[in-house]
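Listed below are the residues making up each chain.
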Amino acid sequence: MIGRRGFLAAAGLGALSVALPVPALASPTGLTPNVFVSVDRQGRVTATIPRPDSGQGVRTVVTMLIAEELAVPLHSVRVEQAPGDTARYGIQTVGGSTSVPQLADPMRRAAATARCLLLTAAAQRWRVPVDECTARDGVVHHRRKGKLPYAALVDDAAALDPTTVPVTLTPEDQWRVLGRHAHRVDARDIVTGRARYGIDTAPPGTLVAVVARPSWIGARLDTVDDTAARALPDVVDVLRLDPDTGPQGGVAVIARSTAAALAARAALKCTWTGGTPTADSRAWLTDLTAALPPAPTAPSPVALRATYSLPLLAHAPMEPMNATVHVRPDGATAWVPTQDPGNLRVTLARFLGVPTDTVRVEPTLTGGAFGRRFDFDYIAEAALCSRHTGAPVRVLWTRDDDTRHDSYRPMSVHRLQATTDATGLPTWRSHDIATWPLTVLPLPTDPSLVLVNGNHFPYSVPGTPTVVIKPAPLRTGFWRSVYAGHLAYAEEVFLSALATLGGWDQVELRKRLLTQQPRLLRVLDTAGEHHRRPRHGHTLGVACHAEYGSAIAVIAEVDARADQPRVRRVTAAVDVGRALHPSGLRAQVEGCVMDAVSTVLGAQITVREGRVVESSFRDYTWARIDRAPDIDALIVPSDAPLGGAGELAFPPAAAAIAAAIADATGRPVTGMPSHSPVG
């Protein structure tokens with residue numbers, strides 16, 4: 001059985017804290033005690049962010065950590081993005097809801113080291129004990145000697161050996177930045193259009209490429225007539241892409257503009273061979289259902305049985321896939337929206353057959369990721385096109401490309417059953433699962449990987465899930481909350497059905513079964529007290545979840561009076577330990593809730609005649625703003641170790657919404673979407 005640490009390591013998500021690199025004792029520009037923090041001779045602070053920002057706000061929380069420990073205002077800290085380099089910056093992966101738990105202590109210590117060096121330099125100049133000096137707003141103070149700005153102390157501090165200076169962290173009761181509301185450090189740039197995303201990258205001489213991809217799943221290029229495409233203005237070249245070399249395969253059209261590349265792609269005449277031109281996701285669902293193992297024998301009569309079918313889901317980030325790569329004789333540079341710049345550097349070097357130290361990866365601001373940007377396919381396309389032309393090439397995916405050639409969340413089928421006592425409380429359960437592996441990384445096809453990631457059942461009801469893994473018929477990958485979005489959803493929806501069957505209040509039933517889970521009890525009580533009863537004509541659904549070192553309870557309220565149920569209000573009480581960036585935490589919860597609204601009410605990917613049917617937000621029906629509920633994200637104070645939150649709220653929000661819809665309509669949940677046919 002593989003452990004969670006092993007799963008994370010195998011998945012490339014990392015489970016170890018970032019260690020501080022060897023200090024840089026000398027700097028021509030000022031004080032640079034480590035690679036994360038510097039103070040120049042004008043006293044200006046720069047924070048180097050070791051991980052990319054895909055909208056989750058890691059730039060902001062790291063800047064808050066550094067501002068707090070360096071005792072400077074948040075707005076005074078300049079932000080730089082670190083290139084991909086794990087030897088220098090440690091783990092750089094954005095995934096598994098790990099960024100804040102893994103970065104908090106190293107970033108605080110990095111900044112505290114700089115502060116303590118500045119305090120020591122001031123104490124030595126004044127010839128006073130260092131513990132008589134304090135730092136505030138970029139100035140060192142002493143009650144008799146006066147004050148010195150950081151700018152006046154930088155050279156003296158840089159001459160000190162940081163390994164000989166004791167480093168102390170700022171006590172929580174003295175925090176001025178952490179634990180308080182803070183706007184995103186890049187919010188103004190984002191809303192005014194100054195922020196530069198991957199899709200905006202254009203170094204001098206950049207060419208643009210778009211790819212004609214296989215017409216059906218698994219197809220390979222047979223023939224291509226590119227005569228008409230090459231004859232169009234501004235077309236530079238046409239390149240066949242071998243799917244065995246990294247990308248999905250197809251034909252790349254390289255041009256001097258996006259419009260020219262798209263026009264030339266439309267002029268290609270391609271034929272395809274192989275693959276599965278008759279593939280149908282309804283048949284895949286039937287195969288998964290048939291693959292479920294025989295149901296275990298219950299110790300007493302079964303009170304409830306249910307089967308839930310979960311569909312394929314696309315990631316659909318607002319910024320479609322893109323990458324800009326310049327392959328040169330002496331190496332390569334990639335400007336990429338990625339979730340793993342450090343490992344990408346190694347992968348790209350291996351792909352190109354060049355030394356790692358000749359490759360530079362510049363992670364850009366990313367317009368959403370949700371697991372999709374662990375893939376290498378879109379980067380491989382840009383690398384091949386650049387190596388072919390010798391120029392920097394930006395590969396662009398259209399929205400249709402992104403929807404129809406994704407690495408999808410796997411389908412799954414869940415069969416659950418339970419026995420109950422005379423009061424209706426469950427006394428035994430079984431949960432049989434049939435699903436697919438994740439093909440985006442070379443992970444073993446091991447059912448224990450599904451359980452390590454997905455099995456977080458917190459209730460005192462005996463029973464162990466059983467997993468069957470079937471070969472995936474198309475590309476699959478990480479999708480927000482990975483397998484927990486399958487297992488926890490099915491289990492919480494089933495528990496809600498048991499509560500209805502036994503006449504139990506949804507909150508009270510869970511409280512009776514969470515006697516060994518104090519954190520979950522606390523968040524459930526908080527949510528229940530805040531969201532006691534629904535409005536007239538509305539129904540409630542409840543769900544809990546504990547993962548990533550955090551705990552959450554969600555109550556969803558649905559208006560049952562309309563022709564189609566509407567999610568009107570969602571309350572989520574969350575415990576992540578000390579909430580370092582409360583507004584960022586609330587934003588993560590709100591994002592998960594909107595994903596839950598979308599997937600429970602209808603979004604899914606279907607395959608017919610070998611092709612993905614959905615092409616864009618026209619038919620991959622993500623919730624619009626008029627479908628957004630009121631969301632109350634309640635932060636429950638806690639002294640628990642820091643936990644993660646990026647994926648935490650999706651499974652319980654989806655389950656609570658589905659349960660509320662079932663109560664509203666009187667129809668049992670059949671899967672996700674809650675009542676629509678899947679596949």
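Residues numbered from 1 in each chain as written. Predicted model: local features only at pLDDT ≥ 70, side-chain atom pairs only at ≥ 80, totals over all residues. Heavy atoms only, no water.

Visitor: Can you walk me through the overall build of the protein chain in this structure?
Guide: Per the secondary structure count, the protein chain includes 18 helices and 26 strands. In terms of overall size, the protein chain behaves like a compact globule, its C-alpha atoms giving a radius of gyration of 27 Å where 679 residues would be expected to give roughly 26 Å. By its C-alpha atoms, the protein chain is 80 × 70 × 45 Å across when sized along the principal axes. Carbon and sulfur atoms make up 53% of the accessible area of the protein chain, which amounts to about 26,600 Å² in all. (Helix = DSSP H or I, 4+ residues; strand = E, 2+ residues; numbered from the N terminus. Rg over C-alpha atoms; globule rule 2.2 N^0.38 Å. Areas by Shrake-Rupley, 256 points an atom, 1.4 Å probe, with all protein chains shown as cover.)

Visitor: Is there a simple way to explain the packing of helix α15 (residues 506-513) against helix α16 (residues 518-530) in this structure?
Guide: How two helices sit against one another is set out by the angle between their axes and by the gap between those axes. Axis separation between α15 and α16 bottoms out at 10 Å; the angle between their running directions is 165°. By the angle between their directions, the pair α15 and α16 is classed as roughly antiparallel. Considering only the axes of α15 and α16, their crossing is left-handed. When α15 is examined against α16, the residues Val507, Arg510 and Lys511 are found in contact with a partner set consisting of Leu521, Leu524 and Asp525. Taken together, the residues that form the contact of α15 with α16 break down as 3 nonpolar, no polar and 3 charged. (Axes fitted to C-alpha atoms, helices over the stretch in contact; angles between N-to-C directions. Parallel < 35°, antiparallel > 145°, perpendicular 65-115°, else oblique. Left-handed = near helix turned anticlockwise from the far one by under 90°. Contact = heavy atoms within 4.5 Å. Nonpolar A, V, L, I, M, F, W, Y, C, P; charged D, E, K, R; others polar.)

Visitor: What is the right way to read the nonpolar core from this model?
Guide: The nonpolar side chains of a soluble globular protein tend to be buried, and buried together. Of all hydrophobic cores here, the largest spans 96 residues; its most connected members are Trp284, Tyr308, Leu312 and Tyr489. Ranked by residues supplied to this core, first place goes to helix α18 (residues 650-665) with 10 residues. Not counting the four nearest positions on each side in its chain, Trp284 is found in contact with Ile217, Ala279, Leu312, Met411, Trp436, Pro473, Leu474 and Val607. One finds Ile66, Ala111, Cys116 and Leu153 within the second-largest nonpolar core, a separate group that totals 52 residues. (Core = buried A, V, L, I, M, F, W, Y, C linked by side-chain atoms within 4.5 Å. Buried < 20%, exposed > 50% of the residue type's maximum accessible area, 1.4 Å probe, protein only.)

Visitor: How should the state of the cysteines be read in this particular structure?
Guide: Disulfides are covalent bonds that connect the sulfur atoms of two cysteines. Within this structure, the stated rule accounts for 0 disulfides. The structure places no disulfide on Cys133, whose sulfur is separated from the nearest cysteine sulfur, that of Cys116, by 11 Å. Cys133 gets classed as buried once you look at its relative accessible area, which sits at 6%. (Disulfide = S-S within 2.5 Å.)

Visitor: Even after reading the chapter, I still don't get the environment of Asp189, so can you show me in this structure?
Guide: Tracing the backbone shows Asp189 in helix α6 (residues 187-192). In sequence terms Asp189 and Leu288 are 99 residues apart; their C-alpha atoms lie 47 Å from each other. Once you skip the residues sitting within four places of it in the chain, Asp189 turns out to touch Arg194 and Ala195.

Visitor: Would you explain the packing of aromatic side chains in this entry?
Guide: What describes a pair of aromatic rings is the distance from one ring centre to the other and the angle between the planes of the rings. Applying the stated criterion to the full structure yields 7 aromatic pairs. An angle of 80° between the planes, with centres 5.6 Å apart, marks the rings of Trp284 and Trp436 as edge-to-face. Residue Trp284 is found in helix α9 (residues 281-291), and its partner Trp436 is found in the loop between β19 (426-435) and α13 (447-454); the two are separated by 152 residues along the sequence. What makes Trp436 buried here is its relative accessible area of 2%. On the numbers, 5.2 Å between centres and 65° between planes, the contact of Trp479 with Phe650 is edge-to-face. You can see Trp479 sitting in the loop between β20 (466-469) and α14 (484-502) and its partner Phe650 sitting in helix α18, a full 171 residues away along the chain. The residues Trp479 and Phe650 share a single accessibility class, namely buried. One residue, Arg213, lies across the ring of Trp397, its end atom 3.7 Å from the ring centre. (Phe/Tyr/Trp six-rings, centres within 6.5 Å; stacked < 30°, edge-to-face > 60°. Lys NZ or Arg CZ within 6 Å of the ring centre and 35° of its normal.)

Visitor: Explain the side chain of Thr63 to me, please; I cannot follow it from the model alone.
Guide: Its location among the elements puts Thr63 in helix α2 (residues 58-70). For Thr63, a relative accessible area of 0% gives the class buried. Among the polar contacts made by the side chain of Thr63, one reaches the main-chain carbonyl oxygen of Arg59 at a distance of 2.6 Å. In contact with Thr63, other than residues within four places in its own chain, are Ile49, Leu74, Val77, Val79 and Val185. (Polar contact = N/O pair within 3.5 Å; in protein donor to acceptor, adjacent residues only side chain to side chain.)

Visitor: Help me understand helix α4 (residues 99-126) in this model?
Guide: With 28 residues, α4 should reach 40 Å at 1.5 Å per residue; the first-to-last C-alpha distance of 40 Å fits that figure. Asp105 marks where α4 bends most, by close to 25°; the proline Pro106 follows one to four residues later. Extensive coverage of α4 is indicated by the burial of 22 of its 28 residues. (Expected span 1.5 Å × (residues − 1). Bend = angle between axes of the 7 residues up to and from the residue.)

Visitor: What is the right way to read the environment of His414 from this model?
Guide: Its place among the elements puts His414 in strand β18 (residues 412-420). Taking the relative accessible area as the measure of exposure, His414 reaches 0% and is therefore buried. Distance from His414 to His486, taken between C-alpha atoms, is 8.4 Å for residues 72 residues apart in sequence. Once you skip the residues sitting within four places of it in the chain, His414 turns out to touch Ala306, Thr307, Tyr308, Leu310, His431, Asp432, Ile433, His486, Leu487 and Ala490. A distance of 2.8 Å separates polar atoms of two side chains, one belonging to His414 and the other to His431.

Visitor: What am I meant to see in the confidence of the model for the protein chain here?
Guide: Low pLDDT means the predicted coordinates in that region are not meant to be read closely. Taken over all residues, the pLDDT of the protein chain has a mean of 93, while the share at 70 or more is 95%. When the criterion is pLDDT under 50, residues 1-26 qualifies, and its contacts beyond four places in sequence or with other chains add up to 63 contacts. (pLDDT = per-residue confidence, 0-100.)

Visitor: What exactly am I supposed to notice about the packing of α14 against α15 here?
Guide: Between α14 and α15, the shortest axis-to-axis distance is 9 Å and the interhelical angle comes to 110°. The angle between the axes of α14 and α15 places the two elements in the roughly perpendicular class. Between α14, through Glu492, Leu495, Ser496, Ala499 and Thr500, and α15, the contact on the second element is made entirely by Gln506, Leu509, Arg510 and Leu513. Classifying every residue of the contact of α14 with α15 gives 4 nonpolar, 3 polar and 2 charged.

Visitor: Before we go on, may I ask you to explain helix α8 (residues 258-267) in this structure?
Guide: Each α-helix turn comprises 3.6 residues. Residues three or four places apart therefore point the same way. Every buried residue belonging to α8 is among Ala260, Ala261, Ala264, Arg265 and Ala267, and all of these are buried. The buried residues of α8 all sit within an arc of 160° when viewed along its axis, so they share a single face. In α8, the exposed residues that point more than 90 degrees away from the buried face are Ala259 and Ala266. (Arc of directions from axis to C-beta.)

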